[in-house]
Amino acid sequence: MTSFDPELSPRRAARAEAERRATEAIEVVTPPGEPVAPMTRRLRRDAPTAAGLGVRWASRPRRVRRRMAVLALGLTAAAAGLIAAGIATAGNVSTPVAAPEAAAMVGPPAVPAEGLPVPVIAEAPAPTSPCDDPAFTAVLATGDDTATIAAIGGAGAFRSAVASGIAPCISLSDPNREWVVVNKKRPFDPADYRPGDLVMPDDVRALKESGLRRTAADALTTLVGAAADAGVGEIGYLSAFRSYENQQATYADRVSVGGVEEADRESARAGFSEHQSGLAVDIVPCNRSCGTLDDVAGSSQGAWVRDHAWEYGFITRYDVGRIDVTGYEPEAWHLRYIGPELAKAYHDGGFTTLEEFFGLPAAPTY
């Protein structure tokens with residue numbers, strides 16, 4: 001008797017034929033050059049489904065396998081239709097362009113008939129001038145220097161207003177003001193000006209009979225007393241106010257000794273001397289007898305004055321190393337009164353010349 005072979009039964013053969021026809025609908029892509037292996041029953045059974053689910057083909061019922069085959073054919077046809085539709089409409093669809101590139105392709109906008117608008121740049125408001133304030137100008141007109149400085153907001157505000165040029169009503173040429181600036185470019189007007197309130201300082205040794213304006217004389221008295229209280233010794237003075245005629249003689253003597261060039265470094269010409277203002281004084285150190293002008297720099301009195309004169313309204317007018325601005329060799333003995341408010345601002349600001357303090361140009365020559 002021949003044994004029964006399940007693989008050769010008619011039912012099994014029919015099912016295998018159905019599987020073959022169904023799987024023929026699935027396209028198998030083979031890389032170029034690679035031989036195509038025959039699709040055996042075992043390969044068909046072990047291959048994954050068209051949906052890529054990784055389930056063995058042979059484990060599915062025949063009805064399901066047929067439906068999946070038809071579905072695969074439908075998906076293939078749909079994909080082909082979409083591709084064909086894309087190719088057919090490719091000529092009517094433009095390629096998207098990035099925003100900057102699109103703007104460059106379009107070009108700049110058309111210029112309006114009336115032209116492009118002109119931007120309006122607002123100017124910075126001009127700084128307020130104290131001279132526009134009637135209250136300030138009223139105080140200025142009184143001639144009270146201390147009240148004027150207070151009215152503008154203090155010495156710092158006063159200096160800033162003058163140096164910046166926003167206060168033309170404040171004159172640095174008015175010889176009656178404590179802030180007057182006299183140098184080789186700025187003579188007195190009138191040239192023979194003489195202050196009307198000259199007095200001799202109280203309790204100060206004077207080697208020559210010459211006075212100062214009242215406020216400067218009182219300040220010198222206070223300074224000399226403070227120096228004595230500090231134990232640095234007595235301070236006297238050699239010369240204070242000198243008239244136009246007196247300065248003519250002083251300058252002529254210097255010229256006769258050293259010539260014009262040397263005289264101009266050491267003495268002012270008539271009409272250009274601070275001594276004519278009544279606000280300048282040449283001090284000397286005194287210990288029983290008084291020394292000379294040249295003794296001031298190395299004396300204890302001179303050292304104290306350098307540190308404290310500003311507290312009493314005085315500054316050293318011709319400082320060391322500033323001949324390029326003032327035009328004069330350093331004079332440790334030459335003190336100039338500008339008032340305690342301005343002297344403090346001068347000291348605190350580290351200034352060494354009145355020209356720089358008030359924003360004036362240098363005046364090394366006539």
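In short, a report on the structure. Small disclaimer: the values here were computed from a predicted structure and weren't measured. Positions within a chain are numbered from 1, following the residues in the order the chain's sequence is written. Only residues with pLDDT of at least 70 are given local features in this predicted model, and only at 80 or more are side-chain atom pairs given and counted; all residues enter the totals for whole chains, interfaces and linings. Side-chain numbers come from the whole structure's heavy atoms, not from hydrogens or water.

## Re the overall build of the protein chain
Link 1 in the chain: The helix count covers DSSP runs of H or I at least four residues long, the strand count covers runs of E at least two residues long, and both are numbered beginning at the N terminus. From N to C terminus, the protein chain includes 13 helices and seven strands.
Link 2 in the chain: Exposure classes here rest on a 1.4 Å probe applied to the protein chains alone. A residue is buried below 20% of its type maximum, exposed above 50%, and partly exposed in between. Residues counted as buried form 34% of the 366 residues belonging to the protein chain.
Link 3 in the chain: Sequence-distant contacts, at least 24 apart, represent 64% of the contacts inside the protein chain between residues at least 6 apart.
Link 4 in the chain: Carbon and sulfur atoms make up 58% of the accessible area of the protein chain, which amounts to about 21,500 Å² in all. Two residues qualify as a contact provided that any one of their heavy atoms is within 4.5 Å of a heavy atom in the partner residue. All accessible areas in this document rest on Shrake-Rupley with a 1.4 Å probe, and a residue is counted as covered only by the protein chains that are shown.

## A word on the nonpolar core
Nonpolar side chains tend toward joint burial in soluble globular proteins.
Link 1 in the chain: Buried residues of nine kinds, namely Ala, Val, Leu, Ile, Met, Phe, Trp, Tyr and Cys, make up a nonpolar core once their side-chain atoms join them within 4.5 Å. L220, L223, V281, I283, W304 and F314 are the most contacted members of the largest nonpolar core, which has 34 residues in total.
Link 2 in the chain: Secondary structure elements with two or more residues in this core: α8 (214-229), β3 (234-239), β4 (280-287), α10 (300-308) and β7 (331-337).
Link 3 in the chain: With eight residues, the top contributor of residues to this core is α8.
Link 4 in the chain: Setting aside residues no more than four positions away along its own chain, F314 makes contact with A216, A219, L220, L223, V281, A309, L335, R336, Y337 and A343.
Link 5 in the chain: F136, I149, A155 and L342 belong to the second-largest nonpolar core, a separate cluster that totals 25 residues.

## What to know about the packing of helix α5 (residues 134-141) against helix α6 (residues 145-152)
Link 1 in the chain: Think of each axis as a best-fit line through the C-alpha atoms, taken over the contacting stretch in the case of a helix, with angles from 0 to 180 degrees between the N-to-C directions. Running from N to C, α5 and α6 point in directions that differ by 165°, and their axes come no closer than 8 Å. Between α5 and α6, the angle falls in the class roughly antiparallel. α5 and α6 meet at a crossing whose hand is left-handed. Residue-level inspection shows F136, V139 and L140 of α5 in contact with α6, the latter providing A147, T148, A151 and I152. In this scheme, roughly parallel covers angles under 35 degrees and roughly antiparallel covers those over 145, while 65 to 115 is roughly perpendicular and the rest are oblique. Handedness of each helix crossing follows the sense of rotation of the near helix against the far helix: counterclockwise by less than a right angle gives left-handed, clockwise gives right-handed.

## A closer look at the packing of aromatic side chains
Link 1 in the chain: Each Phe, Tyr or Trp ring (for Trp, its six-membered ring) is paired with any other whose centre lies within 6.5 Å, and the angle between the two planes then decides the class: stacked below 30 degrees, edge-to-face above 60, tilted in between. Scanning all chains against the criterion turns up eleven aromatic pairs.
Link 2 in the chain: Seen in terms of ring centroids, F158 and F358 are 6.5 Å apart; in terms of plane orientation they differ by 75°. Their pairing is edge-to-face. Highlighted residues: F158 in helix α7 (residues 155-164) and F358 in the segment after α13 (354-357), separated in sequence by 200 residues.
Link 3 in the chain: Under the relative-accessibility criterion, F358 is labelled buried at 2%.
Link 4 in the chain: Aromatic ring contacts, followed pair by pair, group F158, W179, Y346, F351, F357 and F358 into a single cluster.
Link 5 in the chain: Charge-over-ring placement is defined geometrically: NZ (Lys) or CZ (Arg) within 6 Å of the ring centre, and within 35 degrees of the ring normal. The residue whose ring lies beneath R159 is F357, and the NZ or CZ to ring-centre distance is 5.8 Å.
Link 6 in the chain: Note that K184 overlies the ring of Y328, its terminal NZ or CZ placed 4.5 Å from the centroid.

## Things to note about the pairing of β4
Link 1 in the chain: The buried fraction of β4 amounts to seven of the eight residues, a majority that puts the element mostly inside the structure.
Link 2 in the chain: Strands qualify as paired when DSSP identifies two bridges or more between them. Sheet topology places β3 next to β4; five bridges connect them, and they run antiparallel. Counted as the bridge partner of Y237 is I283 from β4.
Link 3 in the chain: Direction of pairing for β4 relative to β7: antiparallel, over a ladder of three bridges.

## A closer look at the state of the cysteines
Link 1 in the chain: Pairs of cysteine sulfur atoms within 2.5 Å are what we label disulfides. Scanning the model with the defined rule gives two disulfides in all.
Link 2 in the chain: Linked covalently through their sulfurs, C131 and C169 form a disulfide whose S-S length is 2.0 Å. In this structure the cystine formed by C131 and C169 twists about its S-S bond by roughly -85°; its chirality is therefore left-handed. With C131 in the loop between α4 (99-106) and α5 and C169 in the loop between α7 and β1 (198-199), the pair connects residues that are 38 residues apart, well separated along the chain.
Link 3 in the chain: Judged by relative accessible area, C169 falls into the partly exposed class, the value being 30%.
Link 4 in the chain: Residue pairing for C286: its cysteine sulfur links by disulfide to C290, the two sulfurs lying 1.9 Å apart. Given an S-S torsion of about 100°, the disulfide between C286 and C290 has right-handed geometry.
Link 5 in the chain: Residue C290 is classed as partly exposed on the basis of its relative accessible area, which comes to 23%.
Link 6 in the chain: Here the protein chain pairs its bonded cysteines, counted in sequence order, in the arrangement 1-2, 3-4.

## Things to note about the environment of A230
Link 1 in the chain: Assignment of secondary structure puts A230 in the loop between α8 and β3.
Link 2 in the chain: We classify A230 as partly exposed; its relative accessible area is 46%.
Link 3 in the chain: Along the chain, A230 and Q301 lie 71 residues apart, while their C-alpha atoms are 9.9 Å from each other.

## Here we look at the pattern of salt bridges
Link 1 in the chain: A carboxyl oxygen of Asp or Glu within 4 Å of a side-chain nitrogen of Lys or Arg is what we treat as a salt bridge. Per the stated rule, a full pass over the model turns up 14 salt bridges.
Link 2 in the chain: A salt bridge links E266 to R254, with the shortest nitrogen-to-oxygen separation between them at 3.6 Å.
Link 3 in the chain: On the basis of relative accessible area, R254 is assigned to the partly exposed category, the value being 35%.
Link 4 in the chain: Between R317 and E355 there is a salt bridge, with its nearest N and O atoms 2.8 Å apart. Placement of R317 in strand β6 (residues 314-318) and of E355 in helix α13 is noted, with a sequence separation of 38 residues between them.
Link 5 in the chain: Owing to a relative accessible area of 0%, E355 belongs among the buried residues under this scheme.
Link 6 in the chain: Through salt bridges with shared partners, one network takes in E274, R317, R336 and E355.

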